[in-house]
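Below, each chain spelled out in residue letters.
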Amino acid sequence: MRFPSRLLSANMWVALFAWLAYLVVITLVTVGIGIWGELNESVWEKAVQLTRWYALFVGVALVTEFLPLFIAHGQSRRQFGFQAAVTIAIFAPFLSALLVISFLLESLLYGLTGWTWALGKAHLFSAPTQAPMIFLEYTVMFVAWLVAGVFVSSAFYRWQGGGLLAIIPAAAMVLFVQATIGDKAPLPFISLRIGFDVADSALSAVLAAVGAFVVGLGLTWLIIRDVPLRNKVS
């Protein structure tokens, strides 16, 4: 099994087609609001929330689906850990690039129709044409959510119910990273307002993402380095 080339390629193709479908849906929603309602903010700013959960799902699948398959094909856990890190390092900016395109297309649509484009909260960017800053912000975000997914799923894979304890540090890591890109809101479905009061800047975002990548995957390696093979591979 060629890893991560086939795994990375497969995830990219799935993400691409999912994004195309999502792009159509969000465009129809945008047009609908513009025609029958009042459109004065970016719809894609809010639509991004679902994409980070998609990144979390991919991180979870790397362990639950591909770790046992990888080991069953005669590869070591160390090789899996290294290749999973490579996959995250490439897949996060790939997802971010799709969002850059989304904001540019949204800007074109708003420009053609005369609708007002604005952001509802703080970001590293202030306009849909600031592609480098959009790319940076969402790459940082996707790194955090992918790593969180890998870390939590590793804990569940090894300790099953005991993996619940891993949710706390994973959530803290995500909150900290997102605070550096201006998102100081609580996690979805949690009414208690928790977060980190840190400066939101490009430098702090990059440092936070690198820290999350190193620390999160380091902890993941400590969990999986001698984990027994649980899943059966047909």
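Going along each chain's sequence as written, the residues are numbered from 1 onward. Only residues with pLDDT of at least 70 get local features here, since the model is predicted, and only at 80 or more are side-chain atom pairs given and counted; chain-wide, interface and lining totals rely on the full set of residues. With hydrogens and water stripped out, all remaining heavy atoms of the structure feed into the side-chain values.

Quick notes on the nonpolar core
Then step 1. The biggest cluster of nonpolar side chains holds 65 residues, and the ones touching the most others in it are Trp44, Leu67, Phe103, Tyr138 and Phe142.
Then step 2. Helix and strand assignments follow DSSP, with helices taken as H or I runs no shorter than four residues and strands as E runs no shorter than two, numbered in order from the N terminus. Of all elements in the fold, only helix 1 (5–36), helix 2 (43–64), helix 3 (66–72), helix 4 (77–113), helix 5 (131–159), helix 6 (167–179) and helix 7 (202–224) reach the threshold of two or more residues within this core.
Then step 3. If one sorts the elements of this core by residue count, helix 5 sits on top with 17 residues.
Then step 4. If near-sequence neighbours (up to four positions away) are discounted, Trp44 is found in contact with Trp19, Tyr22, Leu23, Ile26, Leu99, Ser102, Phe103 and Glu106. Only buried Ala, Val, Leu, Ile, Met, Phe, Trp, Tyr and Cys residues count toward a nonpolar core, and they belong to the same one when joined by side-chain atoms within 4.5 Å. Each residue is placed in one exposure class: buried if its accessible area under a 1.4 Å probe, protein chains only, is under 20% of its type's maximum, exposed if it is over 50%, and partly exposed if it falls in between. Note on contacts: a residue pair is in contact if any heavy atoms of the two residues lie within 4.5 Å.

Some remarks on the pattern of salt bridges
Then step 1. By definition, a salt bridge exists where a carboxyl oxygen of Asp or Glu is found within 4 Å of a side-chain nitrogen of Lys or Arg. Inspection of every chain in the model, using the stated rule, returns 2 salt bridges.
Then step 2. Close ionic contact of Glu41 with Lys46 constitutes a salt bridge, the shortest N to O distance being 2.7 Å.
Then step 3. Residues Arg158 and Asp226 are paired through a salt bridge, measuring 2.5 Å at the closest nitrogen-oxygen approach. Here Asp226 lies in the segment after helix 7 and Arg158 lies in helix 5, a separation of 68 residues in the sequence.

Focus: empty space enclosed by the protein
Then step 1. Buried and open spaces are told apart on a 1 Å grid over the protein atoms alone, a cavity being a set of points where a 1.4 Å probe fits but cannot get out and a pocket being an open set with protein on both sides within 12 Å along at least five of seven lines. Residues with an atom within 4 Å of a point are the lining residues. Grid points are joined across faces, edges and corners, and a volume is the space filled by probe spheres set on the points. Tallying each qualifying case throughout the model produces 1 cavity of 30 Å³ or more.
Then step 2. Here the largest cavity defines a volume of roughly 90 Å³.
Then step 3. Lining the largest cavity we find Glu45, Val48, Gln49, Arg52, Lys121, His123, Glu137, Tyr138, Met141, Gln178, Ile181 and Asp183.
Then step 4. Elements with a contribution of two residues or more to the lining of the largest cavity: helix 2 and helix 5.

A closer look at a nonpolar patch on the surface
Then step 1. Taken together, the side chains of Val206, Val210, Val214, Val215, Leu219 and Leu222 make up a nonpolar region of the molecular surface, amounting to roughly 490 Å² of accessible area.
Then step 2. Secondary-structure assignment places Val206 in helix 7.
Then step 3. Residue Val206 is classed as partly exposed on the basis of its relative accessible area, which comes to 34%. Patch membership requires over 30% relative accessible area and the absence of a salt bridge. Like charges are linked within 9 Å, and nonpolar side chains (Val, Leu, Ile, Met, Phe, Trp, Tyr) within 5 Å. Only the protein chains shown count as cover for residues, with accessible areas throughout obtained via the Shrake-Rupley method and a probe of 1.4 Å.

What to know about the confidence of the model for the protein
Detailed conclusions should not be drawn from predicted coordinates in areas where pLDDT is low.
Then step 1. Mean pLDDT over the protein: 88, with 89% of residues reaching 70 or higher.
Then step 2. The least confident element of the protein is helix 3, whose mean pLDDT is 84; the most confident is helix 5, at 96. On a range of 0 to 100, pLDDT expresses the predictor's confidence in each residue.

What to know about helix 6
Then step 1. With 13 residues, helix 6 extends 18 Å between its outermost C-alpha atoms, agreeing within 8% with the 18 Å of an ideal straight helix rising 1.5 Å per residue.
Then step 2. Taken together, the buried positions of helix 6 are occupied by Ala170, Ala171, Met173, Val174, Leu175, Val177, Gln178 and Ala179.
Then step 3. Looking at the packing, one finds that the buried side of helix 6 touches helix 2, helix 5 and helix 7. Expected helix span is taken as 1.5 Å per residue step, with the number of steps being one fewer than the number of residues.

A word on the packing of helix 5 against helix 6
Then step 1. Remark: helix 5 packs on helix 6, axes separated minimally by 9 Å, with the N-to-C direction vectors making an angle of 175°. Between helix 5 and helix 6, the crossing angle belongs to the class labelled roughly antiparallel. Along the contact surface, helix 5 presents Val140, Met141, Ala144, Trp145, Val147, Ala148, Phe151, Val152 and Phe156, while helix 6 presents Ile167, Pro169, Ala170, Met173, Val174, Val177 and Gln178.
Then step 2. Charged residues are taken to be Asp, Glu, Lys and Arg, nonpolar residues to be Ala, Val, Leu, Ile, Met, Phe, Trp, Tyr, Cys and Pro, and polar residues to be all remaining types, Gly included. Here the contact of helix 5 with helix 6 is composed, by residue class, of 15 nonpolar, 1 polar and no charged. The axes are straight lines fitted to the C-alpha atoms, using for helices just the contacting stretch, and the angles between their N-to-C directions are given from 0 to 180°. The cut-offs work like this: below 35 degrees is roughly parallel, past 145 is roughly antiparallel, 65 to 115 is roughly perpendicular, and the gaps in between are oblique.

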